[in-house]
Amino acid sequence: MLEGLYSAAAGMAAQQEQLNAISNDLANVSTSGYKSERVAFSDLLYNPISIAGSETTAGAGAVARVIGRSDAQGSIQETGNPLDLAIEGEGYFQVTRANGTKALTRDGTFGVDATGAIVNAEGNQLSPPIKLPAGVSAKEVTIAPDGTVTAGTTKLGQIKLVTVTSPEHLLDDGGGELSPSAASGAPHPATGKIHQGALEASNVNIASAMAQMVSTQRNYQMTSTAIQDESQMMSIANQLRPQ
């Protein structure tokens, strides 16, 4: 009977992992460029058992893991801010952190720091860096779909979108930034286009997430009931043992 308890407990842990992912998605429904998490369930290692003298196997429950993020395009929301940038299609903005490492992000909320450099909400500069000349304001900046940045007739640089071979293996660093890993592959040029004066909204579907949350909660409750039933059966078995 202990196998049943272990399986049910593993099932509850798996449903909790699913619930955690859904809660995180709903918490980030207003985060620009946020991509919803993908959760996969799998059965745990099967244990050999003997039934009526024959060897067979019994499952040991289930496990849930976050295996990546949805790559669905979020809706494009016009803001009118010249340094708000949305990516249409594949790709990420590449920024350089203070420690020199590179990060990728879909959040196109950019601004200008004290030196005139274009930076993201975390204060990290675009890579390659682009600076506005003295006396040039963000309102004078035009950014073409291919990332070419100009102020009047002066070209200031080009924002180069990048992607990786396996985006599901990017490491989430918080703040909307992702780090490449050996499993994700190195960044290389992407085919997406830049939409100036807009932001990409989160791709979380609130209605779908809420329905999934209700379903997950019900599954969790049913699994907890299985544990209660197993416990009652063990109690009855103990009472029936010869004294």
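Scope of this entry: the structure provided in the associated data block. (Residues numbered from 1 in each chain as written. Predicted model: local features only at pLDDT ≥ 70, side-chain atom pairs only at ≥ 80, totals over all residues. Heavy atoms only, no water.)

## Some points on the pattern of salt bridges
- For the structure shown, the criterion picks out 6 salt bridges.
- Between glutamate 177 and arginine 97 there is a salt bridge whose closest N-O contact spans 3.4 Å. A residue pair is termed long-range when its members are at least 10 positions apart, and glutamate 177 in strand 17 (residues 177-179) and arginine 97 in the loop between strand 7 (93-96) and strand 8 (102-105) qualify at 80 residues. Per residue, the accessibility class of glutamate 177 equals that of arginine 97, and both read buried.
- Residues arginine 106 and glutamate 200 are paired through a salt bridge, measuring 3.0 Å at the closest nitrogen-oxygen approach. Within this pair, whereas arginine 106 is found in the loop between strand 8 and strand 9 (110-112), its partner glutamate 200 is found in strand 20 (residues 198-200), the two being separated by 94 residues in sequence. An identical accessibility class is assigned to arginine 106 and glutamate 200; each is buried.
- It is possible to trace a salt-bridge network through shared partners that takes in Lys35, Arg106 and Glu200. (Salt bridge = Lys/Arg side-chain N within 4 Å of Asp/Glu carboxyl O. Helix = DSSP H or I, 4+ residues; strand = E, 2+ residues; numbered from the N terminus. Buried < 20%, exposed > 50% of the residue type's maximum accessible area, 1.4 Å probe, protein only.)

## Overview of the layout of surface pockets
- A volume near 690 Å³ is recorded for the largest pocket.
- Along the walls of the largest pocket sit 31 residues, with Lys35, Arg69, Ser70, Tyr92 and Leu178 positioned nearest its centre.
- Listing elements by their share of the lining of the largest pocket, those giving two or more residues are strand 4 (62-69) and strand 16 (171-174).
- Looking at the lining of the largest pocket, the element that brings in the most residues is strand 4, giving 4 residues.
- Here the lining of the largest pocket is composed, by residue class, of 7 nonpolar, 15 polar and 9 charged.
- Taken as a whole, the second largest pocket encloses approximately 180 Å³ of empty space.
- Residue lining of the second largest pocket: 13 residues in total, with Ile22, Asp25, Ser36, Glu37 and Gln212 positioned closest to the centre.
- Where the lining of the second largest pocket is concerned, the elements lending two or more residues are helix 1 (2-27), strand 1 (37-43) and helix 2 (206-240).
- Among the elements that line the lining of the second largest pocket, the one with the most residues is helix 1, at 4 residues.
- When the residues that make up the lining of the second largest pocket are grouped by side-chain class, the tally is 5 nonpolar, 5 polar and 3 charged. (1 Å grid on protein atoms, 1.4 Å probe; cavity = no way out; pocket = protein on both sides within 12 Å on 5 of 7 lines; lining within 4 Å. Points joined across faces, edges and corners; volume = space filled by probe spheres on them. Nonpolar A, V, L, I, M, F, W, Y, C, P; charged D, E, K, R; others polar.)

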